[in-house]
Amino acid sequence: DTEVTQTPKHLVMGMTNKKSLKCEQHMGHRAMYWYKQKAKKPPELMFVYSYEKLSINESVPSRFSPECPNSSLLNLHLHALQPEDSALYLCASSKGASSSYNEQFFGPGTRLTVL
Amino acid sequence: GQQLNQSPQSMFIQEGEDVSMNCTSSSIFNTWLWYKQDPGEGPVLLIALYKAGELTSNGRLTAQFGITRKDSFLNISASIPSDVGIYFCAGPPGNTGKLIFGQGTTLQVKP
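Report follows, based on the coordinates. Everything quoted here is computed from the prediction, not taken from an experiment.

**Describing the overall build of chain B**
For chain B, the helix and strand inventory stands at zero helices and eleven strands. Tracing chain B from N to C terminus, the helices and strands come up as β-β-β-β-β-β-β-β-β-β-β. Taking all 111 residues of chain B together, the buried fraction comes to 45%. About 5,200 Å² of surface is accessible on chain B, with carbon and sulfur atoms providing 51% of the total. Separation of charge centres in chain B, based on 7 positive and 8 negative side chains, amounts to 10 Å.

Structural data, given as structure tokens:
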């Protein structure tokens, strides 16, 4: 299996809602990533998990809460989001989180709209 | 912060034409990656380069790792309509697994 899967494909939520984005990979990769992407812009790194531990948080607001239950799964919990948080949220994975394993493989993304 | 400068920003070409785009960095990279992204989808890895001077092909795509290790080039030969999309270069600014991306080159192909 060489895929990164993400659910849901689309999500619409209000500013008071709590929702979660899910990501799964079965490539045996030990590093997983969350990115945020606005239209016509490059992906922006949010979080890096290495061996199920959070290794990088790019100063992301606390209304975004990542979780890595095991080496195959990555969640992003959302609470009290703002309309400007509307974007494509991408999950990626790589063999490791070091310069020896720079090839990251992306999922199809979750298109999030905050009303 | 560190940036990758990617050019051109957009291209509108005729089917069958060749395409070239490049990416430059202010510092040395030990890896260059090229991705393609279709609308509403995630980026797909096209080519990975690991050695200065390396030239790697993937079908009609050819990418080169610049000798200075501060730049990379992607060429697409004999473009077809399905080449339409946004092409991103990316590289690691350190040893953390973090990638930074160029601003992207939007390619449109006229049949």
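Past the structure itself, the notes keep going.
**Overview of the environment of Y49(A)**
All names here are of chain A. By secondary structure assignment, the location of Y49 is in strand β5 (residues 44–50). Exposure remark for Y49: the relative accessible area of 8% places this residue in the buried category. On a C-alpha basis, the gap between Y49 and M13 in space is 26 Å, while along the polypeptide they are 36 residues apart. Residue contacts for Y49: discarding those within four places in its chain leaves R30, A31, M32, L54, S55, P66, E67, C68 and L74.

**Comments concerning the interface of chain B and chain A**
At the interface, 23 residues of chain B touch 23 residues of chain A. In terms of surface lost to chain A, no three residues of chain B exceed G97(B), K98(B) and F101(B), which account for 22% of the buried area on that side. The interface formed by chain B and chain A holds two salt bridges in total. For E41(B), the salt bridge identified is with K9(A), shortest N-O distance 3.5 Å. The interface formed by chain B and chain A contains seven residue pairs in polar contact (both at pLDDT 80 or more).

Each value, and the rule that gives it
- Residues numbered from 1 in each chain as written.
- Chains lettered and ligands numbered in written order.
- Predicted model: local features only at pLDDT ≥ 70, side-chain atom pairs only at ≥ 80, totals over all residues.
- Heavy atoms only, no water.
- Helix = DSSP H or I, 4+ residues; strand = E, 2+ residues; numbered from the N terminus.
- Buried < 20%, exposed > 50% of the residue type's maximum accessible area, 1.4 Å probe, protein only.
- Areas by Shrake-Rupley, 256 points an atom, 1.4 Å probe, with all protein chains shown as cover.
- Lys, Arg positive; Asp, Glu negative; His and termini not counted.
- Charge placed at Lys NZ, Arg CZ, Asp CG, Glu CD.
- Contact = heavy atoms within 4.5 Å.
- Buried area = accessible area lost by both parts, 1.4 Å probe.
- Salt bridge = Lys/Arg side-chain N within 4 Å of Asp/Glu carboxyl O.
- Polar contact = N/O pair within 3.5 Å; in protein donor to acceptor, adjacent residues only side chain to side chain.

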